[in-house]
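Read off the chains here:
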Amino acid sequence: MAIQKIDKLDRQILRLVSEDARIPFLEVARVCNVSGAAIHQRVQKLYNLGVLRGSQFMIDPEKIGYETCAYIGLNLKNPESFDAVVEELKKIPEVVECHYTTGNFDLFIKLYAQNNHHLLNIIHDKLQPLGLSSSETLISFNSVFERQLPITELPLFKEDDEQAE
């Protein structure tokens, strides 16, 4: 995966929109001391490069009745079925993340369930039929914090800063 070329204005824009995705582009333009059109162009460039991915409202699962958050490591009977299993996992709405991993599991997923009984049904009725040889479930009691990766700490910015000097 190639690191994209990002300049200081891009970094400033990323910092502002990562802190508040609803910030008006005209406010970003004011802070960056450029035109609103320049901000629109830069944001579009960042989308096209894949640096920015979407903007969405985050729903608190617990507030809509999903009280159990679980992480499940999956081992497949047939590792050649990765792609087919991933496509089936995409069809399970409770699964919100899926990762290929190293270590003890072929795949690692995050899902939300209404309660432990619902979690058991998901595992039994939706995951086991995918051809698992084994799985291990960890239930999260509470998320202590979640955050974006800090913009100023990214390696691509350190290189750009050194080049600018």
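Owing to the predicted nature of the structure, the values given are computational and were not obtained by experimental measurement.

> Is there a simple way to explain helix 3 (residues 36–49) in this structure?
Helical geometry note: an α-helix holds 3.6 residues per turn, so side chains three or four residues apart project in the same direction. The end-to-end C-alpha distance of helix 3 is 20 Å, a good match for the 20 Å that 14 residues give at a rise of 1.5 Å each. Listed in full, the buried residues belonging to helix 3 are Gly36, Ala38, Ile39, Val43 and Leu46. Seen from one end, helix 3 has its buried residues packed into an arc of 155°, which puts them on one side. Away from the buried face of helix 3 by more than 90 degrees, exposed residues Gln41 and Asn48 are located.

> Please explain the pattern of salt bridges as it appears in this structure.
One side chain can pair with another of opposite charge once the charged atoms of both are near each other. Under the definition given, this model contains 7 salt bridges. Of the charged contacts in the structure, one is a salt bridge between aspartate 7 and arginine 42, with a shortest N-O distance of 2.8 Å. Linking aspartate 7 in the segment before helix 1 (8–19) with arginine 42 in helix 3, this pair joins segments that are 35 residues apart in sequence. Residue classification places aspartate 7 among the partly exposed positions, given a relative accessible area of 32%. Using a relative accessible area of 22% as the deciding quantity, one classes arginine 42 as partly exposed. One connected set of salt bridges, linked through shared partners, spans Asp7, Asp10, Arg42 and Lys45.

> Got a minute to help me understand the sheet that holds strand 3 (residues 107–113) in this structure?
By way of backbone hydrogen bonds, the strands of a sheet pair with one another, either parallel or antiparallel. Read from one edge of the open sheet, 4 strands run 2-3-1-4, paired in antiparallel fashion. The open sheet is flanked by strand 2 (95–100) and strand 4 (132–140), the only strands paired with a single partner. Each strand axis lies, on average, 20° off the axis of its neighbour in the sheet, ignoring direction. The strands touched by helix 4 (residues 82–90) are strand 1 (68–76), strand 2 and strand 3; relative to strand 2, the strand with the most contacts, the crossing angle is about 165°. The sheet contacts of helix 5 (residues 116–127) involve strand 1, strand 3 and strand 4, and relative to strand 3 the element is tilted by about 135°.

> What am I meant to see in the confidence of the model for the protein chain here?
In low-pLDDT regions, the fine details of the predicted coordinates are not to be read closely. For the protein chain, the average pLDDT comes to 89, and 89% of its residues sit at 70 or higher. Note that residues 157–165 has pLDDT below 50 and, in this model, 11 contacts with residues that lie over four places away or in other chains.

> Please explain the side chain of lysine 110 as it appears in this structure.
Along the chain, lysine 110 falls in strand 3. Among buried Asp, Glu, Lys and Arg side chains, lysine 110 stands out as unpaired, with glutamate 97 the closest opposite charge at 4.2 Å. Engagement of the side chain of lysine 110 in a polar contact is seen with the side chain of tyrosine 112, the distance being 3.4 Å. Beyond its immediate chain neighbours, meaning those up to four positions away, lysine 110 contacts Cys69, Ala70, Tyr71, Glu94, Val95, Val96 and Glu97.

> Would you take a moment to explain unusual backbone geometry for this structure?
The phi torsion of most residues other than glycine is negative, and most of the peptide bonds are trans. Within the chain, asparagine 33 stands out as a residue other than glycine whose phi angle is a positive 60°. For asparagine 33, the position within the fold is in the loop between helix 2 (25–32) and helix 3. Given a relative accessible area of 70%, asparagine 33 falls into the exposed group.

> So what exactly am I meant to see when it comes to the packing of aromatic side chains here?
What describes a pair of aromatic rings is the distance from one ring centre to the other and the angle between the planes of the rings. This model, assessed by the stated rule, comprises 3 aromatic pairs. Geometrically, the ring pair formed by tyrosine 71 and phenylalanine 108 is stacked, given 6.2 Å between the ring centres and 20° between the ring planes. Within this pair, whereas tyrosine 71 is found in strand 1, its partner phenylalanine 108 is found in strand 3, the two being separated by 37 residues in sequence. Residue classification places tyrosine 71 among the partly exposed residues on the basis of a relative accessible area of 27%. Considering the side-chain rings of phenylalanine 82 and tyrosine 100, the 5.2 Å spacing of their centres and the 90° angle between planes classify their relative orientation as edge-to-face. Placement of the pair is phenylalanine 82 in helix 4 and tyrosine 100 in strand 2, with a sequence separation of 18 residues. Classification of phenylalanine 82 by relative accessible area gives partly exposed; the value is 24%. Pairwise contacts between aromatic rings join Tyr71, Phe105 and Phe108 into one cluster.

Cut-offs and rules
- Residues numbered from 1 in each chain as written.
- Predicted model: local features only at pLDDT ≥ 70, side-chain atom pairs only at ≥ 80, totals over all residues.
- Heavy atoms only, no water.
- Helix = DSSP H or I, 4+ residues; strand = E, 2+ residues; numbered from the N terminus.
- Expected span 1.5 Å × (residues − 1).
- Buried < 20%, exposed > 50% of the residue type's maximum accessible area, 1.4 Å probe, protein only.
- Arc of directions from axis to C-beta.
- Salt bridge = Lys/Arg side-chain N within 4 Å of Asp/Glu carboxyl O.
- Pairing = 2+ DSSP bridges.
- Axes fitted to C-alpha atoms, helices over the stretch in contact; angles between N-to-C directions.
- Contact = heavy atoms within 4.5 Å.
- pLDDT = per-residue confidence, 0-100.
- Lys, Arg positive; Asp, Glu negative; His and termini not counted.
- Polar contact = N/O pair within 3.5 Å; in protein donor to acceptor, adjacent residues only side chain to side chain.
- Phe/Tyr/Trp six-rings, centres within 6.5 Å; stacked < 30°, edge-to-face > 60°.

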